[in-house]
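Chain and residue survey
Now for the letters of each chain:
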Amino acid sequence: MRVRSAARNRRAIATDFFDGKIARKYNLVTNFGKLWDPIADKALTGMAFVGLSLIGVVPWWATVLILAREIAVTALRFVVIRRSHGVMPASRGGKIKTALQALAAGLFVLPLPWVGHALAWAILAGAIVVTVVTGVDYCLQARRITRENR
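How each quantity is defined
Residues numbered from 1 in each chain as written. Predicted model: local features only at pLDDT ≥ 70, side-chain atom pairs only at ≥ 80, totals over all residues. Heavy atoms only, no water. Helix = DSSP H or I, 4+ residues; strand = E, 2+ residues; numbered from the N terminus. Buried < 20%, exposed > 50% of the residue type's maximum accessible area, 1.4 Å probe, protein only. Areas by Shrake-Rupley, 256 points an atom, 1.4 Å probe, with all protein chains shown as cover. Axes fitted to C-alpha atoms, helices over the stretch in contact; angles between N-to-C directions. Parallel < 35°, antiparallel > 145°, perpendicular 65-115°, else oblique. Left-handed = near helix turned anticlockwise from the far one by under 90°. Nonpolar A, V, L, I, M, F, W, Y, C, P; charged D, E, K, R; others polar. Patch = residues over 30% accessible without salt bridge, like charges linked within 9 Å, V, L, I, M, F, W, Y side chains within 5 Å. Salt bridge = Lys/Arg side-chain N within 4 Å of Asp/Glu carboxyl O. Lys, Arg positive; Asp, Glu negative; His and termini not counted. Charge placed at Lys NZ, Arg CZ, Asp CG, Glu CD. Contact = heavy atoms within 4.5 Å.

All right, on to the overall build of the protein then. Scanning the protein from terminus to terminus reveals 5 helices and 0 strands. Along the protein, helices (α) and strands (β) appear in the sequence α-α-α-α-α when read from the amino end. Counting every position in the protein, which comprises 150 residues, the buried fraction comes to 37%. Carbon and sulfur atoms make up 69% of the accessible area of the protein, which totals about 9,200 Å².

Close contact between helix α4 (residues 92-109) and helix α5 (residues 114-148) brings their axes to 8 Å; oriented N to C, the two are set at 155 degrees. Here α5 runs roughly antiparallel to α4, going by the angle between their axes. When you trace α4 past α5, the crossing you get is left-handed. Its residues placed into classes, the contact of α4 with α5 shows 14 nonpolar, 8 polar and 1 charged.

We now examine a positive patch on the surface. Residues Arg83, Arg143, Arg147 and Arg150 make up a contiguous surface patch of positive charge. Among the residues examined, Arg83 registers a relative accessible area of 61% and is labelled exposed.

Before going further, it helps to spend a moment on the side chain of Gln141. Tracing the backbone shows Gln141 in helix α5. Overall, the relative accessible area of 15% leaves Gln141 in the buried class. The residues touching Gln141, leaving out its near neighbours within four places in the chain, are Met88 and Pro89.

Listed below in structure tokens is the structure:
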């Protein structure tokens, strides 16, 4: 069961990556996509970490930190929309964060020797740092956008 759901998770992440590339290549980027694609990413990676914490692979503090940041940034996006009528798109740092989280989650579920899990822990540590830094960056970005559009 764990392997099958991990394979689905990897396919979902891969299709999300290609969906974004196609949208940018053919100029199909929309405000709806700017808002809901990051939410879908957060749901996908968030549930992967909840599952990894449930089976005791990833500590709950890491999952709670990741989920708290995701919920806060999503709420912030809605506040920016309401106050300034602008959409705060995903930043490069946010995309790196998502990629690191997805890579770490994927490595944790693979049947790798201890070296693979050591790599997963290193990537997760980097993902946590990027998660916190980009969370602060989004707060600053939201503050700037709402001030500019007053």
